[in-house]
Amino acid sequence: MKQKILVLGGAHIDRRGRISGDTVAGASNPGSWFEEPGGGGFNAARNLARLGFDVTMISPRGGDPIGETVSEAADFAGVHDRPFVFLDRKTPSYTAIIENDGNLVIALADMDLYRMFMPRRLSIRAVRDAFAATDFILFDANLPAETLASIVERAKALGKPVGAIAISPAKAIKLKPCIDGIDYLFLNEAEATALTGERPNDPSHWPSLLGDIGLRGGVVTRGQREMIAFADHRVVALQPVNLEGVADVTGAGDSLAAGVISGLMRGIPLADAVREGAAAAALTVQSPHAVNENLSPDLVRETLSLVPPARILH
């Protein structure tokens, strides 16, 4: 039987406009427009389903065509979609304008609906059943802080392992009250700095700094520099795959999280699980989509040949 994963968090529409020439502020710029379903939790959920897990997604959704588009994407990926639908509201969205070289000019996050996912919704029978039946719980920091704390509390009461995706520095702060109940947190250096108030010169110090605020394990990504992963008193460093022809980095962190979780749930060592996460992320950035639709366990295994061995720090 497939292992079950319950994901709670963001599932919305991502819109990205790319300027085709030099950016001219305060003027109309020629470019192209692209949109697709996204959200940290939703991207990870779709990746995990493609990696062979039985995945259920719970998130707030508006009663609009965008909400239907998100539901269709869940069905296509093999995710059991269990949204809270608010018929009189619109589905959240993220809209970004990107320069020709890939740098972000400005973005607008219309995420107000996520405030409606209050802790009391975790008491609904279907949600309680989903918690009881799952083998792993993953959530992202799009949800209200009190809901995140309630998710962790319920998971720990049931003895379920917990993973989290930090999303952004501003949203990562919401994890602080419940961070000691999170087994694996996926975040970048900016988010780690927001949580700890520090940024070490030596990245190998991230585990101790995050451990000081109660975190048990996680992966700190650092762009194209070595990522740092830690869990169960083991710390490893891994250089991301150096690729030519990157299509779009959107969703890379979410696929990394899915790859690492996949490995850990199969019982492989942390160093090997992080390599699988790096392989999944490499496949994602080679795709124009936030989720590589060809992702599979076999393709991850093939891509491992591009991933260097992890360094065991201690």
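Conventions adopted
- Residues numbered from 1 in each chain as written.
- Predicted model: local features only at pLDDT ≥ 70, side-chain atom pairs only at ≥ 80, totals over all residues.
- Heavy atoms only, no water.
- Pairing = 2+ DSSP bridges.
- Helix = DSSP H or I, 4+ residues; strand = E, 2+ residues; numbered from the N terminus.
- Contact = heavy atoms within 4.5 Å.
- Axes fitted to C-alpha atoms, helices over the stretch in contact; angles between N-to-C directions.
- Buried < 20%, exposed > 50% of the residue type's maximum accessible area, 1.4 Å probe, protein only.
- Parallel < 35°, antiparallel > 145°, perpendicular 65-115°, else oblique.
- Nonpolar A, V, L, I, M, F, W, Y, C, P; charged D, E, K, R; others polar.
- Core = buried A, V, L, I, M, F, W, Y, C linked by side-chain atoms within 4.5 Å.
- Lys, Arg positive; Asp, Glu negative; His and termini not counted.
- Salt bridge = Lys/Arg side-chain N within 4 Å of Asp/Glu carboxyl O.
- Polar contact = N/O pair within 3.5 Å; in protein donor to acceptor, adjacent residues only side chain to side chain.
- Phe/Tyr/Trp six-rings, centres within 6.5 Å; stacked < 30°, edge-to-face > 60°.
- Arc of directions from axis to C-beta.

Some points on the sheet that holds strand 16 (residues 311–312)
An order of 6-4-1-10-11-12-13-14-15-16 is seen for the 10 strands of this open sheet, with the pairing classed as mixed. Either end of the sheet is taken by a strand with one partner, and the two such strands are strand 6 (80–81) and strand 16. Note: strand 1 (residues 4–8) against strand 10 (residues 136–140), 4 bridges, orientation parallel. Bridge pairing links Val7 to Leu138 in strand 10. In the packing of helix 9 (residues 270–285) onto the sheet, contacts are made with strand 14 (225–231), strand 15 (234–238) and strand 16, and the angle to strand 15 comes to roughly 30°.

Brief notes about the sheet that holds strand 3 (residues 31–38)
Spatially, 3-2-8-9 is the arrangement adopted by the 4 strands of the open sheet, whose pairing is mixed. Because the sheet does not close on itself, it has two edges, and the strands there are strand 3 and strand 9 (104–110). The mean angle between the axes of side-by-side strands here comes to 15°, regardless of whether they run parallel or antiparallel. Relative to strand 8 (residues 93–98), strand 2 (residues 12–19) runs parallel, the two being bridged by 6 bridges. Residue pairing in the sheet places Arg15 in a bridge with Thr95 of strand 8. The sheet strands contacting helix 2 (residues 65–77) are strand 2 and strand 3, and the helix crosses strand 2 at an angle near 100°.

Structural notes on unusual backbone geometry
Of note, the phi angle at Asp232 is positive, near 50°, even though the residue is not glycine. Along the chain, the position of Asp232 falls in the loop between strand 14 and strand 15. What makes Asp232 exposed here is its relative accessible area of 68%. Within the chain, His233 stands out as a residue other than glycine whose phi angle is a positive 65°. With respect to the secondary-structure elements, His233 resides in the loop between strand 14 and strand 15.

As for the packing of helix 1 (residues 40–50) against helix 2
Running from N to C, helix 1 and helix 2 cross one another at 20°; their axes reach a closest spacing of 9 Å. For the element pair helix 1 / helix 2, the angle class is roughly parallel. Contacts between helix 1 and helix 2 pair Phe42, Arg46, Ala49 and Arg50 from the former with Val70, Ala73, Ala74, Phe76 and Ala77 from the latter. Tallied by class, residues from the contact of helix 1 with helix 2 come to 7 nonpolar, no polar and 2 charged.

Some remarks on the nonpolar core
Ile5, Leu48, Val55, Val79, Leu138 and Ile261 are the most contacted members of the largest nonpolar core, which has 53 residues in total. Those residues in contact with Leu138 that sit more than four places away from it in its chain are Leu6, Val7, Leu8, Ala44, Leu48, Gly163, Ala164, Ile165 and Ile261.

Some points on the side chain of Asp64
Checked against the element boundaries, Asp64 lands in the loop between strand 5 (60–62) and helix 2. Although Asp64 is buried, it forms no salt bridge, and the closest oppositely charged side chain is Arg15 at an N-O distance of 7.4 Å. A polar contact is formed between the side chain of Asp64 and the side chain of Thr91, at a distance of 2.7 Å. With residues near it in sequence (within four places) discarded, Asp64 still touches Arg89, Lys90 and Thr91.

Examining the pattern of salt bridges
With the rule as written, the count across this model stands at 14 salt bridges. The salt bridge partner of Arg61 is Asp81, with a shortest N-O separation of 2.9 Å. In this pair, Arg61 sits in strand 5 while Asp81 sits in strand 6, placing the two residues 20 residues apart along the sequence. Asp81 shares its class with Arg61; the two are buried. The closest approach of N and O atoms between Glu226 and Arg311, which form a salt bridge, is 2.8 Å. Here Glu226 is found in strand 14, whereas its partner Arg311 is found in strand 16, with 85 residues between them in sequence. Overall, Glu226 belongs to the partly exposed group, its relative accessible area being 23%. Within this structure, Glu189, Arg199, Arg222 and Arg225 form a network of salt bridges that share partners.

Some points on the packing of aromatic side chains
This structure, assessed with the given rule, holds 1 aromatic pair. Seen from their ring centres, Phe84 and Phe117 are 5.1 Å apart, and the 90° between their planes marks the pair as edge-to-face. Linking Phe84 in strand 7 (residues 84–86) with Phe117 in the loop between strand 9 and helix 3 (125–133), this pair joins segments that are 33 residues apart in sequence. Phe84 sits in the buried class, given a relative accessible area of 11%.

Overview of helix 6 (residues 189–196)
Residues of helix 6 that are buried include every one of Glu189, Glu191, Ala192, Leu195 and Thr196, and no others. Looking down the long axis of helix 6, one finds its buried residues gathered within 160° of arc, a one-sided arrangement. Buried residues belonging to helix 6 abut helix 5 (169–172), strand 12 (184–188), helix 7 (206–212), strand 13 (218–222) and strand 14. The backbone nitrogen of Ala190 has a side-chain oxygen 3.1 Å away, supplied by the residue at the start of helix 6, namely Asn188. The positive-phi residue at the C-terminal boundary of helix 6 is Gly197, with phi of around 75°.

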